[in-house]
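Structure at a glance
One letter stands for each residue in the lines below.
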Amino acid sequence: QVQLVESGGGLVQPGGSLRLSCAASGSIRTINHWGWYRQAPGKERELVAAMTSGSSTNYADSVKGRFTISRDNAKNTVYLQMNNLKPEDTAVYYCNAVAVTVTWRYLDVWGQGTLVTVSS
């Protein structure tokens, strides 16, 4: 099995920054794909940023130029650096990973979510 644990959420003022972390643990051979999603109250979950094993990235238009996804392969950890935060960024942020286990199983795994609140 593979587990994801997120950290780094909290309350921040508009214009501020936060860095989210998501660490994978378990019988991992490699992480093929990482993604950060968010879900605001009353809205559908949406993709915020994603990174493939080859380190190509894509971002939601609403966060381009403000958010940066990065990864540390040695630690099986992905980060989301969020700058110039806006009230509309308020949401629960979820980490997602497509993990390959040591027995060559492909697992689609989700974290528990971390709340980001942008408010003055």
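The structure this text deals with has already been given above.
The structure presented is a predicted model; accordingly, all values stated were derived computationally and were not measured.

Calculation criteria
- Residues numbered from 1 in each chain as written.
- Predicted model: local features only at pLDDT ≥ 70, side-chain atom pairs only at ≥ 80, totals over all residues.
- Heavy atoms only, no water.
- Salt bridge = Lys/Arg side-chain N within 4 Å of Asp/Glu carboxyl O.
- Buried < 20%, exposed > 50% of the residue type's maximum accessible area, 1.4 Å probe, protein only.
- Helix = DSSP H or I, 4+ residues; strand = E, 2+ residues; numbered from the N terminus.
- Lys, Arg positive; Asp, Glu negative; His and termini not counted.
- Polar contact = N/O pair within 3.5 Å; in protein donor to acceptor, adjacent residues only side chain to side chain.
- Contact = heavy atoms within 4.5 Å.
- Pairing = 2+ DSSP bridges.
- Axes fitted to C-alpha atoms, helices over the stretch in contact; angles between N-to-C directions.

**Observations concerning the pattern of salt bridges**
- In total, this model carries four salt bridges according to the counting rule given.
- Here E46 and R38 are joined by a salt bridge, their closest N and O atoms 2.7 Å apart.
- Classification of E46 by relative accessible area gives partly exposed; the value is 36%.
- The residue D89 makes a salt bridge to R38 at a minimum N-O spacing of 2.9 Å. Here the residue D89 occupies a position in the loop between β8 (77-82) and β9 (91-101), and R38 occupies one in strand β4 (residues 28-39), the gap between them amounting to 51 residues. With respect to class, D89 is no different from R38; both count as buried.
- Linked by salt bridges that have partners in common, R38, E46, R66 and D89 make up one network.

**As for unusual backbone geometry**
- Although it is not a glycine, S55 sits at a positive phi angle of roughly 70°.
- Locating S55 in the fold gives a position in the loop between β5 (46-52) and β6 (57-59).

**Digging into the side chain of E6**
- Position of E6 among the secondary structure elements: in strand β1 (residues 2-7).
- Of the side chains with opposite charge, R45 lies nearest to the buried E6, which makes no salt bridge, at 7.9 Å.
- At a separation of 2.5 Å, a polar atom in the side chain of E6 contacts the main-chain amide nitrogen of C95.
- Here the side chain of E6 touches Q112 through a polar contact of 3.4 Å, landing on its backbone nitrogen.
- Excluding residues within four positions of it along the chain, E6 makes contact with S21, C22, W36, Y93, Y94, C95, G111, Q112, G113 and T114.

**A few points about the pairing of β1**
- Alternating residues of β1 divide into V2, L4 and E6, all buried, and Q3, V5 and S7, none buried.
- Across six bridges, β1 lies against strand β3 (residues 18-26) in antiparallel orientation. Bridge assignment links E6 to a residue of β3, and that residue is C22.

**What about the sheet that holds β8?**
- Pairing is antiparallel across the open sheet formed by four strands, whose spatial order is β1-β3-β8-β7. For this open sheet the edge positions go to β1 and β7 (67-72), each flanked by a neighbour on one side alone. Taken pair by pair, the neighbouring strands of this sheet meet at an average axis angle of 15°, ignoring direction.
- As paired elements, β3 and β8 share six bridges and run antiparallel to each other. What sits directly across from L20, in β8, is L80.

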